[in-house]
Amino acid sequence: DAGVIQSPRHEVTEMGQEVTLRCKPISGHNSLFWYRQTMMRGLELLIYFNNNVPIDDSGMPEDRFSAKMPNASFSTLKIQPSEPRDSAVYFCASSSGGRGPPYEQYFGPGTRLTVT
Amino acid sequence: GEDVEQSLFLSVREGDSSVINCTYTDSSSTYLYWYKQEPGAGLQLLTYIFSNMDMKQDQRLTVLLNKKDKHLSLRIADTQTGDSAIYFCAERGSGNTGKLIFGQGTTLQVKP
């Protein structure tokens, strides 16, 4: 298995532009998680899906952030408009949910976003 | 609520043992995890322990769980420079969705 795939790996954009981050979870996994990591705030859970349905989006910073999961093999995280404080590494992770221990999450390599 | 706390930084000399500590709040947690993040990479599961165990050993790694105090530790024996990374403690969240509650991460620096 290729693991969790994220694209792009690096994104540099100007303030005000729309940014779309993409994630392909591991085949057969039914839970998908979006995280943000910064030096100041550490690792933050933004939103997670179970069976393509958003379960908890309380970590999404504000309305500029949105996430979709149109099918079991694809998810996007969109920031519109982007701001310099959105600069961070964004991770996607997937899990088999409740289908048996140890219920671990598998992380993608991350997308490093820089907003100038 | 669910919360996981870790110290932020640990520095050791190569060959020494490292002990990274973590406390959690949810006494009903069934699984507790240690993840490792190397520079420029995502988190990777290092080891985990089921809540009915007190200890788990895996080569150089020893996980100790004190359920009464809600305290988890990771001991790395004979620490090597390749062990330098950020180590995250996590507990399994409530519900059946695979959600994990992560600590802030402990940066382990191994000096030669």
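Further up the page is the structure itself.
Remember, predicted model here, so these are calculated numbers, not experimental data.

Rules used in this analysis
Per chain, the residues get numbers from 1 upward, laid out in the order the sequence is written. Think of it this way: whatever chain is written first is A, whatever ligand is written first is 1, and the rest follow in order. Since the coordinates come from a predicted model, pLDDT governs what is reported: local features require at least 70, and pairs of side-chain atoms require 80 or more to be given and counted, while whole-chain, interface and lining totals use all residues. Hydrogens and waters are ignored; side-chain quantities use all the structure's heavy atoms. Two residues qualify as a contact provided that any one of their heavy atoms is within 4.5 Å of a heavy atom in the partner residue. Throughout, the accessible surface (probe 1.4 Å) given up by two parts as they are put together, summed over both, is called the buried area. Only one rule defines a salt bridge in this text: a Lys or Arg side-chain nitrogen within 4 Å of an Asp or Glu carboxyl oxygen. Under the rule applied, a polar contact is a pair of N or O atoms within 3.5 Å (in protein, one hydrogen donor and one hydrogen acceptor; residues adjacent in sequence only if both atoms are side-chain atoms). To qualify as a helix, a DSSP run of H or I must reach at least 4 residues; to qualify as a strand, a run of E must reach at least 2; elements of each kind are numbered from the N terminus. Each residue receives one of three labels: charged for Asp, Glu, Lys and Arg, nonpolar for Ala, Val, Leu, Ile, Met, Phe, Trp, Tyr, Cys and Pro, and polar for the others, Gly being one of them. Using a 1.4 Å probe on the protein chains alone, a residue whose accessible area is under 20% of its type maximum counts as buried, one over 50% counts as exposed, and one in between counts as partly exposed. Grouping buried Ala, Val, Leu, Ile, Met, Phe, Trp, Tyr and Cys residues that are joined through side-chain atoms within 4.5 Å yields what is termed a nonpolar core.

**Overview of the interface of chain A and chain B**
Logical step 1: Contacts between chain A and chain B engage 22 residues on the former and 18 residues on the latter.
Logical step 2: Approximately 1,600 Å² of surface area, both sides summed, lies buried where chain A meets chain B, with 57% of it carried by carbon and sulfur atoms.
Logical step 3: By the criterion of area lost to chain B, the three top residues of chain A are L43, P102 and Y103 of chain A, representing 29% of everything that side buries.
Logical step 4: A salt bridge links K99 of chain B to D56 of chain A, with the shortest nitrogen-to-oxygen separation between them at 3.8 Å.
Logical step 5: At the surface where chain A touches chain B, the tally comes to two residue pairs in polar contact (both at pLDDT 80 or more).
Logical step 6: Mapped by element, the contributors of at least two residues to the side of chain A that touches chain B are β4 (31–38), β5 (42–50), β9 (88–95) and β10 (105–107) of chain A.
Logical step 7: Within the side of chain A that touches chain B, the residues separate by chemical class into 11 nonpolar, eight polar and three charged.

**Here we look at unusual backbone geometry**
Logical step 1: Note the cis peptide between S7 of chain A and P8 of chain A, where omega equals -10°.
Logical step 2: One can find P8 of chain A in the loop between β1 (5–7) and β2 (10–13).
Logical step 3: Cis geometry is found at the peptide bond from Q80 of chain A to P81 of chain A, where omega equals -5°.
Logical step 4: As for its position among the elements, P81 of chain A is in the loop between β8 (74–79) and β9.
Logical step 5: For K70 of chain B, which is not a glycine, the phi torsion comes out positive at approximately 55°.
Logical step 6: Turning to its location among the elements, K70 of chain B is positioned in the loop between β7 (61–66) and β8 (71–76).
Logical step 7: Of note, the phi angle at D78 of chain B is positive, near 50°, even though the residue is not glycine.
Logical step 8: With respect to the helices and strands, D78 of chain B occurs in the loop between β8 and β9 (85–92).

**Details of the pattern of salt bridges**
Logical step 1: For the structure on display, the rule yields 12 salt bridges over all chains.
Logical step 2: One salt bridge connects E62 of chain A with R85 of chain A, and the closest N-O pair in it is separated by 3.3 Å. Linking E62 of chain A in the loop between β6 (53–56) and β7 (65–71) with R85 of chain A in the loop between β8 and β9, this pair joins segments that are 23 residues apart in sequence.
Logical step 3: Look at E62 of chain A and you get partly exposed, because its relative accessible area is 28%.
Logical step 4: The exposed category is assigned to R85 of chain A, whose relative accessible area is 54%.
Logical step 5: Ionic pairing is found between E38 of chain B and K36 of chain B, a salt bridge with its closest N-O pair at 3.2 Å.
Logical step 6: Ionic contacts of the salt-bridge type, sharing partners, join the residues E62, R64, E83, R85 and D86 of chain A into one network.

**Remarks on the nonpolar core**
Logical step 1: Judged by nonpolar contacts, the single largest core of 21 residues is most densely connected at W34, L77 and Y90 of chain A.
Logical step 2: Contributing elements (two or more residues each) for this core: β3 (19–24), β4, β5, β7, β8, β9 and β11 (111–115) of chain A.
Logical step 3: In this view, Y90 of chain A contacts Q6, L21, Y35, R36, L46, F65, L77, I79, G110, T111 and L113 of chain A; residues no more than four positions away in its chain are not counted.
Logical step 4: In this structure, I20, L61, I76 and Y87 of chain B belong to the second largest nonpolar core, which totals 20 residues.

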